[in-house]
Amino acid sequence: QVQLVESGGGLVQPGGSLRLSCAASGSIFSIYAMNWYRQAPGKQRELVATITSGGYLTYAASVKGRFTISRDNAKNTVYLQMNSLKPEDTAVYYCNAAWATQDYWGQGTQVTVSS
């Protein structure tokens, strides 16, 4: 099993930056694709970034060029570097680990972009 704990959320001004971390434990971290999702108030959960076990990267169009997903398998941690933040980025951000039929979620961390 995989357990995920997100951290690094908070309040930031528009144009600012924030780095989210997701620490994993309980299984072989390196085999999982890792994803960041977000869910804004009144909206459905949306996939914003993916990094596969082989290091392939994909991003939602709304964040491409501003966000960067990365992983450190030695530390069992995945990161989401968020730059040029906009108010519409405000959401609870969730870390997700996926491999075959396995699917695990963190508890979420709040990101608020406001002046």
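For the structure itself, consult the block above.
Residues numbered from 1 in each chain as written. Predicted model: local features only at pLDDT ≥ 70, side-chain atom pairs only at ≥ 80, totals over all residues. Heavy atoms only, no water.

Novice: Tell me about the pairing of strand E9 (residues 91-99), and name the residues and values.
Specialist: Pairing geometry for strand E4 (residues 33-39) and E9, over seven bridges, is antiparallel. Considered in E9, the bridge of Tyr37 is made with Tyr94. Where E9 lies against strand E11 (residues 109-113), three bridges are found, and the strand directions are antiparallel. Bridged to Ala91 within E11 is Val111. Across four bridges, E9 lies against strand E10 (residues 102-105) in antiparallel orientation. The residue of E10 that forms the bridge with Asn96 is Trp105. Adjacent in sequence and paired antiparallel, E9 and E10 are bridged by two residues, among which Ala100 carries a positive phi angle near 55°. (Pairing = 2+ DSSP bridges. Helix = DSSP H or I, 4+ residues; strand = E, 2+ residues; numbered from the N terminus.)

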